[in-house]
Amino acid sequence: MNIVFVEPHFPRNQREFVRALAEAGANVLGVGETPVDYLDDELKSWMQHYEQVGSVTDVGAMTHVVRKLQGLVWVDALESTIESHTMPAAQVREATGIPGTSVHTTWLCRDKPSMKEALRQVGVPTAASTAASSLAEVREFAERVGYPLILKPRDGAGAAGTSKVEDDSQLEAALATFGPGTTSIAVEEFIEGHEGFYDTICVDGRPQVDFACHYFPGVLEAMRTRWISPVYISTNRIDGGGLYDEIRQLGQKVITALGIGTSATHMEWFHGPKGLKFSEIGARPPGVGCYDLYSAGNDLDTYRAWADAIVHGEVRTRPTRSHSAGIIALRPDRDGVITGYSGLEDVENRLGRWIIDAHLPGAGTPTQPIEAGYMANAYIRMRHPDYDVLRSMMDNVGQAVQVHAS
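Report on the accompanying structure. Quick caveat, the model's predicted, so the values are computed rather than measured. (Residues numbered from 1 in each chain as written. Predicted model: local features only at pLDDT ≥ 70, side-chain atom pairs only at ≥ 80, totals over all residues. Heavy atoms only, no water.)

1. Points about the nonpolar core
Inside soluble globular proteins, nonpolar side chains tend to come together where they are buried. Counting residues in hydrophobic clusters, the biggest one holds 45 residues, and the most contacted among them are Leu 21, Ile 201, Tyr 232, Tyr 291, Trp 306 and Tyr 374. Of all the secondary structure elements, the ones that give two or more residues to this core are β1 (2–6), α1 (14–23), β9 (194–203), β10 (206–216), α9 (219–222), α11 (290–298), α12 (302–312) and β14 (324–330). No other element matches the 7 residues that α12 contributes to this core. Not counting the four nearest positions on each side in its chain, Leu 21 is found in contact with Ile 3, Phe 5, Ala 26, Val 28, Trp 306, Ala 307, Ile 310 and Val 311. Cys 202, Ile 238, Leu 258 and Ile 260 belong to the second largest nonpolar core, which has 22 residues in total. (Core = buried A, V, L, I, M, F, W, Y, C linked by side-chain atoms within 4.5 Å. Buried < 20%, exposed > 50% of the residue type's maximum accessible area, 1.4 Å probe, protein only. Helix = DSSP H or I, 4+ residues; strand = E, 2+ residues; numbered from the N terminus. Contact = heavy atoms within 4.5 Å.)

Written out as structure tokens, the structure reads:
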């Protein structure tokens, strides 16, 4: 197969998808924004050809480049793995006759109000929501549903641009942050409960391999509260029935309803007093190094499992569920530059055998805003055969390790 892969260089783990496609036997044709001279030899060795464009979200430029490639070889597939790239990729596929996730399915996976409306029609439990284009519409929704509410961009990813509002004054303050160019936003009922996510690699609309993860605390709180060292953990108990069977059934219903075929998926969910509720889904792999954790916990190359689905139409390995694996984000105590760490030696001595890897920027490194995510500053990734023990260990790391800044 000849596969066009969008943006092979950045962020760093994009290269792993390229590697996996090449190892699965594909001829990879990279299209990205980085000049070819800046690509390292290893990455270039996995690609048969590379084209630079000014922006991979420029549909016209991407269409031109892909048609150029089609003049050289038959292109079997065009793949993107970054949320903001999925819609341009779908539009280019349809313009050039390349099979894959359609514009309509991609739009439903990006536009949250439309996504939820389509799923409510087939009985998927989800928060009440609307697409509002005026303050009057938001107020009407608030009067009908009640506070608290969640406001977010219609096509946002994760907690980016998301606000929780408790009353009218907070609502108006939050609306002001969207700026004058915003014509419509997603407004949702706030769902009380534990938050997690469910990831699959699908072939022809059926998950071939799947994983479930838990957030501690929920994403919105984690991305807004500096003193918290947030964690997410991939459980090795997904085959144990109960809630996980419900999550699998919900995931299959969502995948079928939205018309997702051969693709990775990333679905967020809540579980609380009102039961299991769908939050949102992306037709793409998860971010934040999830595939690395899945690989470390399951004795498989998750990137290769994804590539085998694309190239061969099947996943040829199965997760062992031998370990749970997780990441803990370690936040600087203030914005500025990192001056050092405390507690690391103690954690290494006590828990070192369970540490997968760590990212610990050196003294003098500028800090990043906490809302930039789990991998924005320092982090430690760990695994353990027992999910509960791993969760306890990661809580302990969060209490023991401090990142100092000035």
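2. What about the pattern of salt bridges?
The tally for this structure, following the rule as stated, stands at 30 salt bridges. Where Arg 321 meets Asp 210, a salt bridge forms, and the shortest distance between an N and an O atom there is 3.1 Å. Of the two residues, Arg 321 sits in the loop between α12 and β14 while Asp 210 sits in strand β10, which places them 111 residues apart along the sequence. Per residue, the accessibility class of Arg 321 equals that of Asp 210, and both read buried. Salt-bridge contacts for Arg 381 lead to Asp 357; the nearest nitrogen and oxygen are separated by 2.8 Å. Placement of Arg 381 in strand β17 (residues 378–384) and of Asp 357 in strand β16 (residues 355–359) is noted, with a sequence separation of 24 residues between them. Taken together, the shared-partner salt bridges connect Lys 112, Lys 116, Lys 152, Glu 188 and Glu 280 into one network. (Salt bridge = Lys/Arg side-chain N within 4 Å of Asp/Glu carboxyl O.)

3. A closer look at the sheet that holds strand β13 (residues 275–282)
Across the sheet, which stays open at both edges, the 8 strands sit in the order β13-β12-β9-β10-β11-β14-β17-β16 with antiparallel pairing between neighbours. Edge positions in the open sheet fall to β13 and β16, since each of these has one partner strand only. Put simply, the sheet's adjacent strands are angled 20° from each other on average, direction ignored. Note that strand β12 (residues 263–272) and β13 share 7 bridges and pair antiparallel. Considered in β13, the bridge of Glu 268 is made with Glu 280. This element, α11, spans β9, β10, β11 (231–234), β12, β14, β16 and β17 of the sheet and lies at about 80° to β9. (Pairing = 2+ DSSP bridges. Axes fitted to C-alpha atoms, helices over the stretch in contact; angles between N-to-C directions.)

4. Quick look at the sheet that holds strand β2 (residues 27–32)
Across the sheet, 4 strands lie side by side as β3-β2-β1-β4; this open sheet has parallel pairing. Whereas interior strands pair on both sides, the edge strands pair on one side only; in this sheet they are β3 (49–52) and β4 (77–79). Neighbouring strand axes in the sheet, compared pairwise and without regard to direction, differ in orientation by 20° on average.

5. Considerations on the side chain of Arg 19
By secondary structure assignment, the location of Arg 19 is in helix α1. Side chain to side chain, Arg 19 and Glu 16 meet in a polar contact 2.7 Å long. Engagement of the side chain of Arg 19 in a polar contact is seen with the side chain of Asp 301, the distance being 2.8 Å. Setting aside its immediate chain neighbours within four residues, Arg 19 contacts Trp 46, Asp 301 and Tyr 303. (Polar contact = N/O pair within 3.5 Å; in protein donor to acceptor, adjacent residues only side chain to side chain.)

6. As for the packing of helix α5 (residues 103–110) against helix α6 (residues 112–120)
Two elements in contact, α5 and α6, have axes separated by 5 Å at closest approach and are oriented at 100°. When the axes of α5 and α6 are compared, the pair comes out roughly perpendicular. Facing α5, whose interface residues are Trp 107, Leu 108, Cys 109 and Arg 110, α6 presents Lys 112, Ser 114, Met 115 and Ala 118. For the contact of α5 with α6, a count of residues per class yields 5 nonpolar, 1 polar and 2 charged. (Parallel < 35°, antiparallel > 145°, perpendicular 65-115°, else oblique. Nonpolar A, V, L, I, M, F, W, Y, C, P; charged D, E, K, R; others polar.)

7. Describing helix α14 (residues 387–400)
The terminal C-alpha atoms of α14, which comprises 14 residues, lie 20 Å apart, in line with the 20 Å expected from a rise of 1.5 Å per residue. Listed in full, the buried residues belonging to α14 are Tyr 387, Leu 390, Met 393, Met 394, Val 397 and Gly 398. The arc enclosing the buried residues of α14, seen along the axis, measures out at 145°, which places them on a common side. Looking at the buried positions of α14, the neighbouring elements they touch are β10, β11, β14, α13 (344–351), β17 and β18 (402–405). The N-terminus of α14 is capped by Asp 386, whose side-chain oxygen sits 2.9 Å from the backbone nitrogen of Asp 388. (Expected span 1.5 Å × (residues − 1). Arc of directions from axis to C-beta.)

8. Notes on unusual backbone geometry
Cis geometry is adopted by the peptide bond preceding Pro 11, which originates at Phe 10 and carries an omega value of -5°. Going from Tyr 147 to Pro 148, the amide bond is cis rather than trans, its omega being -5°. As for its placement among the helices and strands, Pro 148 is situated in the loop between α7 (135–145) and β6 (149–152). In this structure, Asp 204 is a non-glycine residue whose phi angle is positive, near 55°.

Honestly, it's all geometry; don't read function into it.
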